[in-house]
Amino acid sequence: MKEIEMTKMVEEMDLRNLTPEVDMTELVIATPDINRPALQLTGYYEHFANERVQIIGYVEFSYLQHLEESERIRAFEEFVSRKIPCVIFTTKMIPGPEILELCRRYRVPAFAVEKSTSVFMAEIIRWLNVQLAPMISIHGVLVDVFGEGVLIMGESGIGKSEAALELIKRGHRLVSDDVVEISRVSDITLVGTAPDITRHFIELRGIGIIDVKTLFGVESVKDTQSIDLVIKLEEWDKDKEYDRLGLEEEYIEFLGNKVVCHSLPIRPGRNLAIIVETAAVNHRQKKMGYNAAQELYRRVQANLVKKREEK
């Protein structure tokens, strides 16, 4: 299970630490979900997700403020004693000293943020989903081509890096060479990135390692990119039947998400960079509602109908 350090969340979300006495160095967050403890503060703890980040918004804060001090302390103590990772107060609300004292006693970090509850919840859920997304590493090259994330796969030595280098020279951007880390950030979105150690590097057989960012400038690289299309390079097989129309899409699956996949046979003289560019633009065109193969099929069918009518 992936985990993220709480100190990183504090830094990224710009949280104000209300309990600096509580040591956070070994605290981690293991779930991207959050919880607003409205019911819990009233005493209902059945099905309480205590492992989640707890957010107290205006409604919860107002409820606590309307309680008598002894009742407020009792309700909040029962809440923080449930081994919650942290509690965040939104909308510029600062709890009283009795609340902060309970957080210190039970070693629960308390934070404050000026943003409204709904805005902050949207931001932290998105960020946690990205940071804690399921991830796998695969062998391939990921390139941003006209805004489409193209993952080039194939056996070692088939020409993936050379195709990526030509794409970079044509103005596109490298995300990762050799190893691509793929994260499933939602049911429909896969995001690829490079391992820190190999970021911005390409290996070219016969030349060695080159630094793309240094050679071609910062506009030639990108840290992350959604994966929209997969192109599998394979040796030409004269006995194999290759798709020549593209009426039906083929897919490949990563972490339960399907991505459109094209198999490209490699022969001497084929310009892989131009083919990848064309595949990326054609994929974007399909997403916009136009399919060239279906248009050709429609024209052929219309022509056949016309000839039958003429007879």
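Residues numbered from 1 in each chain as written. Predicted model: local features only at pLDDT ≥ 70, side-chain atom pairs only at ≥ 80, totals over all residues. Heavy atoms only, no water.

Quick word on helix 3 (residues 58-66)
Each α-helix turn comprises 3.6 residues. Residues three or four places apart therefore point the same way. We apply this condition: Burial here depends on accessible area, computed with a 1.4 Å probe over protein chains only, as a share of the maximum for the residue type. Under 20% is buried, over 50% is exposed, and the range in between is partly exposed. A run of H or I in DSSP becomes a helix once it reaches four residues, and a run of E becomes a strand once it reaches two; helices and strands are each numbered from the N terminus. By definition, residues are in contact when any of their heavy atoms lie within 4.5 Å.
The complete set of buried residues in helix 3 reads Glu60, Phe61, Ser62 and Leu64. Tucked inside the fold, the buried residues of helix 3 contact helix 2 (38-41), strand 5 (53-56), helix 4 (69-80) and strand 6 (87-89).

Some words on the packing of helix 7 (residues 160-169) against helix 9 (residues 272-287)
So the rule is basically this: Throughout, an axis means a line fitted to C-alpha atoms (over the contacting stretch in the case of helices), and angles, computed between N-to-C directions, take values from 0 to 180 degrees. Comment on the angle field: the value is read as roughly parallel under 35 degrees, roughly antiparallel over 145, roughly perpendicular from 65 to 115, and oblique elsewhere. Gly falls in the polar group here, along with every residue not listed as nonpolar (Ala, Val, Leu, Ile, Met, Phe, Trp, Tyr, Cys, Pro) or charged (Asp, Glu, Lys, Arg).
Between helix 7 and helix 9, the shortest axis-to-axis distance is 8 Å and the interhelical angle comes to 70°. Judged by the angle between their axes, helix 7 and helix 9 are roughly perpendicular. On helix 9, the residues that touch Ala163, Glu166 and Leu167 of helix 7 are Leu272, Ala273, Val276 and Glu277. Grouping the constituent residues of the contact of helix 7 with helix 9 by class yields five nonpolar, no polar and two charged.

Details of the pattern of salt bridges
Rules: For this document, the term salt bridge refers to a Lys or Arg side-chain nitrogen within 4 Å of an Asp or Glu carboxyl oxygen.
For the structure shown, the criterion picks out 21 salt bridges. For Glu78, the salt bridge goes to Arg82, with nearest N and O atoms at 3.2 Å. Each of Glu71, Arg74, Glu78 and Arg82 takes part in salt bridges that share partners, so that together they form one network.

What about the packing of aromatic side chains?
Heads up, the rule is: Between 30 and 60 degrees the pair is tilted, below 30 it is stacked and above 60 it is edge-to-face, where a pair is any two Phe, Tyr or Trp rings, Trp via its six-membered ring, whose centres lie within 6.5 Å. In this scheme, the term charge over a ring applies when either NZ of a lysine or CZ of an arginine sits within 6 Å of the ring centre and within 35 degrees of the ring normal.
All chains considered together, the criterion is met by four aromatic pairs. Taking 5.5 Å as the distance between ring centres and 80° as the angle between the ring planes, the aromatic pair formed by Tyr45 and Phe48 counts as edge-to-face. Each of the two residues, Tyr45 as well as Phe48, counts as buried. An aromatic cluster is present here, built from Tyr45, Phe48, Phe76 and Phe79 joined pairwise through their rings. The cationic tip of Arg82 hangs over the ring face of Tyr45; the distance from NZ or CZ to the ring centre is 4.0 Å.

A closer look at the sheet that holds strand 7 (residues 110-112)
Which entries qualify depends on this criterion: Two strands make a pair as long as DSSP finds a minimum of two bridges between them.
An order of 2-7-6-5-4 is seen for the five strands of this open sheet, with the pairing classed as mixed. Each of the sheet's edge strands pairs with one partner strand only, and the pair in question is strand 2 (16-17) and strand 4 (34-35). Direction of pairing for strand 2 relative to strand 7: antiparallel, over a ladder of two bridges. Within strand 7, the position partnered with Arg16 by the bridge is Ala112.

Thoughts on the pairing of strand 18 (residues 251-254)
On strand 18, burial follows the alternation: Ile252 and Phe254 on one face are buried, whereas Tyr251 and Glu253 on the facing-out side are not. In this sheet, strand 19 (residues 257-266) lies alongside strand 18 in antiparallel orientation, the contact comprising four bridges. Residue pairing in the sheet places Tyr251 in a bridge with Val260 of strand 19. What sits between the antiparallel neighbours strand 18 and strand 19 is a turn of two residues, in which Leu255 has the positive phi angle 55°.

Thoughts on the nonpolar core
Note the threshold: Only buried Ala, Val, Leu, Ile, Met, Phe, Trp, Tyr and Cys residues count toward a nonpolar core, and they belong to the same one when joined by side-chain atoms within 4.5 Å.
By size, the foremost hydrophobic cluster in this structure holds 28 residues, and its most contacted members are Val150, Ile202, Ile231 and Leu233. Setting aside residues up to four positions removed in sequence, Ile202 forms contacts with Ser161, Ala164, Ile168, Leu174, Asp177, Gly208, Ile209, Ile210 and Val212. One finds Ala75, Phe76, Phe79 and Ala110 within the second-largest nonpolar core, a separate group that totals 23 residues.

Some points on the confidence of the model for the protein chain
Cut-off, in case you're wondering: The pLDDT score gives, residue by residue, the confidence of the prediction method on a 0 to 100 scale.
Per-residue confidence for the protein chain averages 91 on the pLDDT scale, and 97% of its residues sit at or above 70. Between the elements of the protein chain, mean pLDDT differs from a low of 83, seen in helix 10 (residues 292-310), to a high of 97, seen in strand 6.

Quick notes on the packing of helix 4 against helix 5 (residues 97-105)
Our working rule: Should the near helix be turned anticlockwise from the far one by less than a right angle, the crossing is left-handed, and should it be turned clockwise, the crossing is right-handed.
Running from N to C, helix 4 and helix 5 point in directions that differ by 30°, and their axes come no closer than 10 Å. The orientation of helix 4 relative to helix 5 falls into the category roughly parallel. Note that helix 4 runs across helix 5; the crossing there is right-handed. Contacts between helix 4 and helix 5 involve Arg72, Ile73, Phe76, Glu77 and Val80 from the former and Glu98, Ile99, Leu102, Cys103 and Arg105 from the latter. Residue composition of the contact of helix 4 with helix 5, grouped by class: six nonpolar, no polar and four charged.

Topic: unusual backbone geometry
Although it is not a glycine, Thr91 adopts a positive phi angle of roughly 55°. With respect to the helices and strands, the residue Thr91 is situated in the loop between strand 6 and helix 5. Even without a glycine there, the phi angle at Phe146 is positive, about 55°. Mapped onto the fold, Phe146 is located in the loop between strand 9 (141-145) and strand 10 (148-154). Judged by its relative accessible area of 40%, Phe146 is partly exposed.

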